[in-house]
Amino acid sequence: MRNPGAASPFLLVGDHAGRDIPARLDGLGLPASALDLHIASDIGVAALGALLSDRLGATFIAQRYSRLVIDCNRDPGRPDAIAEISDRIAVPGNVALSASARAERVAAIFTPYHGRIAAEIEARRAAGQRPIVLALHSFTPVMGGAARPWRFGVLHMGGSPISDAMLAALRAALGPDLVGDNEPYRMDATDYTAPHHAIAGGLDYLELEVRQDLIADAGGQAEVAALLAPMLEGFVTAPPRLDNGKRGPAGPV
């Protein structure tokens with residue numbers, strides 16, 4: 001956790017920020033080079049999250065373990081929470097896992113991570129604050145042979161004033177064609193973090209996807225952080241409103 005107890009209402013989370021694999025899993029049977037690929041982690045998110053955490057004065061909770069061990073943005077009961085194949089690459093250490101082996105990963109990795117997020121939200125609520133969950137992800141420029149032209153994507157499900165505001169702000173800055181609305185993925189029942197921690201609790205949220213080539217190095221990470229931070233700060237100063245003019249879930253308690 002970075003900047004624990006920070007004052008900003010934003011709570012940054014990185015479900016796929018890390019690429020570690022517990023030693024007992026023997027690299028999941030993959031070559032070390034596989035950990036450099038997007039199948040192992042959301043490239044650039046750990047560094048971008050740290051920069052935004054410091055600029056915003058916000059807490060950042062980042063999962064250190066690879067999504068190949070267990071995907072922390074999936075319900076652990078879903079078969080794809082522990083992928084046997086990821087982007088056409090077989091993961092030998094995930095094949096035909098026993099129920100006890102799956103349960104061990106849930107207990108060791110998934111549950112502590114989400115428990116920390118839940119505890120941070122509860123502490124803020126107890127202090128009279130309405131936190132805003134900001135889930136950071138990154139996506140590949142090309143997937144399955146198809147180019148992805150967006151630089152950013154805003155993922156949402158149902159009403160979210162912060163999501164609407166970020167979509168509008170990014171499109172105003174970059175143009176509508178470079179910022180996807182529920183692109184390159186649509187938030188749906190396969191997602192776990194935002195629906196579980198924010199939507200179910202009546203909190204506003206922002207799930208932001210950044211194209212990986214934009215944040216693959218320190219220069220790009222700094223540039224994207226410099227673009228996003230003032231927008232996010234503006235949403236705190238003047239919380240977005242719903243269409244009926246009332247404060248949205250991100251507004252004051």
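Cut-offs and rules
- Residues numbered from 1 in each chain as written.
- Predicted model: local features only at pLDDT ≥ 70, side-chain atom pairs only at ≥ 80, totals over all residues.
- Heavy atoms only, no water.
- Phe/Tyr/Trp six-rings, centres within 6.5 Å; stacked < 30°, edge-to-face > 60°.
- Helix = DSSP H or I, 4+ residues; strand = E, 2+ residues; numbered from the N terminus.
- Salt bridge = Lys/Arg side-chain N within 4 Å of Asp/Glu carboxyl O.
- Buried < 20%, exposed > 50% of the residue type's maximum accessible area, 1.4 Å probe, protein only.
- Axes fitted to C-alpha atoms, helices over the stretch in contact; angles between N-to-C directions.
- Parallel < 35°, antiparallel > 145°, perpendicular 65-115°, else oblique.
- Left-handed = near helix turned anticlockwise from the far one by under 90°.
- Contact = heavy atoms within 4.5 Å.
- Nonpolar A, V, L, I, M, F, W, Y, C, P; charged D, E, K, R; others polar.
- Expected span 1.5 Å × (residues − 1).

1. Points about the packing of aromatic side chains
In this description, an aromatic ring pair is defined by two values, namely the gap between the centres and the angle between the planes. Inspection of the entire model under this criterion finds one aromatic pair. Seen in terms of ring centroids, F110 and Y192 are 5.2 Å apart; in terms of plane orientation they differ by 65 degrees. Their pairing is edge-to-face. Of the two residues, F110 sits in helix α2 (residues 99-126) while Y192 sits in the loop between β9 (179-181) and α4 (193-198), which places them 82 residues apart along the sequence.

2. Some thoughts on the pattern of salt bridges
Oppositely charged side chains can form a pair if their charged atoms are brought close together. Tallied over the full model, the rule gives nine salt bridges. The partner of D80 in a salt bridge is R74, and the shortest N-O contact between them spans 3.8 Å. Judged by its relative accessible area of 35%, D80 is partly exposed. Taken together, the shared-partner salt bridges connect R74, R78 and D80 into one network.

3. What to know about the packing of helix α3 (residues 161-174) against helix α5 (residues 218-237)
Interhelical geometry of α3 versus α5 gives an angle of 140 degrees and a closest axis separation of 11 Å. Accordingly, the angle class assigned to the pair α3 and α5 is oblique. The crossing of α3 and α5 is right-handed. Across from I162, A165, M166, A169, L170, A173 and L174 in α3, the residues of α5 making contact are L227, L228, M231, L232 and F235. A per-class count over the contact of α3 with α5 returns 12 nonpolar, no polar and no charged.

4. Details of α3
Each α-helix turn comprises 3.6 residues. Residues three or four places apart therefore point the same way. Between its first and last C-alpha, α3 extends 20 Å over 14 residues, near the 20 Å set by a 1.5 Å rise per residue. Buried within α3 are the following residues: P161, I162, S163, A165, M166, L167 and L170. The secondary structure elements touched by the buried residues of α3 are β5 (132-139), β8 (152-155), β9, β10 (205-211) and α5. Just downstream of α3, G175 is the residue with a positive phi angle, here 105 degrees.

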